[in-house]
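# Survey of secondary and tertiary structure
Given next are the chains, with one letter for each unit.
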Amino acid sequence: MNQNKKRLRRTMMFLNAQKPGLIKDAYIYQPDSIMFDLEDAVAENQKDAARYSLYHGLKTIDYRGCEKIVRINGLDTPYWREDVRCAVAGGCDGIRVPKTESASQIKLVEGEIVKAERAYEVEAGKVLIMAAVESARGVMKAMDVCEASERMFGIALSGGDYTRDLQTHITGTGVELMGARQQLIIAARAAKVQCFDTVYTDLDNMEGFRKEVETIHLMGFDGKSIVNPRQIRVVHDIFTPSPKDISFSEKVVREIDEKKEKGIGVFTVDGKMIDIAFYDGAKRILDMAKASGVY
Ligand SMILES: CC(C)(COP(=O)(O)OP(=O)(O)OC[C@H]1O[C@@H](n2cnc3c(N)ncnc32)[C@H](O)[C@@H]1OP(=O)(O)O)[C@@H](O)C(=O)NCCC(=O)NCCSC(=O)C[C@@](O)(CC(=O)O)C(=O)O
Ligand SMILES: [Mg+2]
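Residues numbered from 1 in each chain as written. Chains lettered and ligands numbered in written order. Predicted model: local features only at pLDDT ≥ 70, side-chain atom pairs only at ≥ 80, totals over all residues. Heavy atoms only, no water.

We apply this condition: UniProt positions are given in the numbering used here, feature names are shortened, and annotations may be inferred rather than shown by experiment.
Looking at an unreviewed UniProt entry, one finds the chain named Aldolase/citrate lyase family protein and attributed to Aequitasia blattaphilus. Looking at the Cofactor (unreviewed entry) heading of the UniProt record, one finds this comment for the chain: "Mg(2+)".

If you want it as structure tokens, here you go:
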């Protein structure tokens, strides 16, 4: 398995590939992943220019550990094949497929990735895939999409296009996204891939942003698509385990290991009932703390 499939992705920051200044400097803010957008942020008559400045950026810039994902244009456009070719030739780590509604779309993209990996002597299987779900049909097909390819590492909700398709809009309350968020996280967990929430576009409303991030963290998402460096700190604060979480998880793991030896199945830690069902969760918090550099 490609080890990068499970890497830390608390923040996946979009940037407009039409702007060379953003391509050049984005790593300075240290999001976990940078998502170079060739799709909706790029004006129709700038697609070629954006693609080639992205290729140049990927070839020449050291992104200092930030993952490099390219959001390609939709499969109903004349652009996406060339997007895949340049992204793979440039050395991207993954492709984000927009507006996904079926497993066959993922397979189509995978076919182009395979061709490009061969053509540019990129290690076979290096380039991963994630899918954005942006419609009611996409939500209903989420599980098939998650399982479409060995290269799939995650699925993301794209709230703007999704609410348009649902004939509603982003309200700031989250009520219009409830069903899709729940279905996506369940599909992703069942398929053992990661799950990412949609962007928050009300940039000056940091209180509303924090509330939304707290909610999706509790729901079980692995991270969030973001659009601005100001949003990174909040997401990392909420998704990085606190010293209290780390110390409790350490105790849980230690006590379960010790009590198992003594033939004890259920007991308390700091007044809370603990049994084997808590083991994986505690381990996950410690792994997350390690990956985030706080343990
Ligand atoms: C919103 C704004 C214009 C505001 O700009 P402003 O300049 O006013 O922001 P400031 O805060 O003043 O910037 C302070 C400093 O940070 C630099 N800086 C800003 N943003 C940066 C960044 N992203 N990356 C690196 N650097 C950045 C900036 O250059 C400045 O640097 P400096 O001058 O040196 O101080 C800008 O952020 C931006 O373009 N965002 C990305 C937009 C984008 O890609 N949209 C497409 C994806 S969504 C979509 O398609 C919908 C979706 O598909 C989504 C889904 O899938 O979920 C669906 O359906 O819902
Ligand atoms: Mg969209």
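Further notes follow.
### Focus: the site of ligand 1
Short version of the rule: We call a residue near a molecule or strand when any one of its heavy atoms sits within 4 Å of it. Nitrogen and oxygen atoms within 3.5 Å of one another constitute a polar contact, given that in protein one can donate a hydrogen and the other can accept it, and given that sequence-neighbouring residues count only through two side-chain atoms. Areas reported as accessible are Shrake-Rupley estimates using a 1.4 Å probe. Residue values count occlusion only from the protein chains shown. Only runs of H or I of at least four residues qualify as helices and only runs of E of at least two qualify as strands under DSSP, and these elements are numbered from the N terminus.
Lining the immediate surroundings of ligand 1 are 23 residues, of which Arg71, Arg96, Ser158, Gly160 and Val227 lie closest. Between ligand 1 and the protein, one listed contact pairs an oxygen atom with a side-chain N or O atom of Arg96 at 2.7 Å. Measuring from an oxygen atom of ligand 1, one finds a side-chain N or O atom of Asp161 at 2.9 Å. Starting from 1100 Å² of accessible surface for ligand 1 in isolation, the protein chains cover 63%. When contributions to the shell around ligand 1 are tallied by element, the ones reaching two or more residues are strand S1 (11–16) and helix H7 (159–165).

### So, the layout of surface pockets
Operational definition: Every definition here rests on a 1 Å grid over the protein atoms only: cavities are sets of points where a 1.4 Å probe fits but cannot get out, pockets are open sets enclosed by protein on both sides within 12 Å along at least five of seven lines, and lining residues have some atom within 4 Å of a point. Grid points are joined across faces, edges and corners, and a volume is the space filled by probe spheres set on the points. Think of it as three bins: nonpolar holds Ala, Val, Leu, Ile, Met, Phe, Trp, Tyr, Cys and Pro, charged holds Asp, Glu, Lys and Arg, and polar takes everything else, Gly as well.
Taken as a whole, the largest pocket holds about 1100 Å³ of empty space. Lining the largest pocket are 37 residues; nearest its centre among them are Asp222, Gly281, Arg284, Ile285 and Met288. Breaking the lining of the largest pocket down by element, the ones donating at least two residues are helix H8 (178–191), helix H9 (206–219), helix H10 (232–239), helix H11 (243–261), strand S10 (272–274) and helix H12 (279–291). Here the lining of the largest pocket gets 9 residues from one element, more than from any other, and that element is H12. Counted by class, the lining of the largest pocket contains 17 nonpolar, 7 polar and 13 charged residues. One number sums up the size of the second largest pocket: a volume of about 440 Å³. In terms of lining, the second largest pocket is formed by 30 residues, of which the most central are Gly159, Gly160, Thr198, Val199 and Thr201.

### Description of the UniProt feature "domain: HpcH/HpaI aldolase/citrate lyase" (unreviewed entry) in the chain
Within this structure's numbering, the places UniProt gives as "domain: HpcH/HpaI aldolase/citrate lyase" (unreviewed entry) are residues 10–229. Along residues 10–229 the backbone is 42% helical and 18% strand, and the end-to-end C-alpha distance reaches 13 Å.

### Side note on the pairing of strand S6 (residues 152–157)
Here is the rule we go by: Buried, partly exposed and exposed residues are distinguished by accessible area as a fraction of the type maximum, computed with a 1.4 Å probe on protein chains only: under 20%, between the cut-offs, and over 50%, respectively. Strands qualify as paired when DSSP identifies two bridges or more between them.
S6 sits mainly inside the fold: 6 of its 6 residues count as buried. When strand S5 (residues 128–133) meets S6, the two strands line up parallel, connected through 5 bridges. Bridge pairing links Ala131 to Ile155 in S6. Both S6 and strand S7 (residues 194–197) contribute to a ladder of 3 bridges, which runs parallel. Bridge pairing in S7 places Ile155 opposite Cys195.

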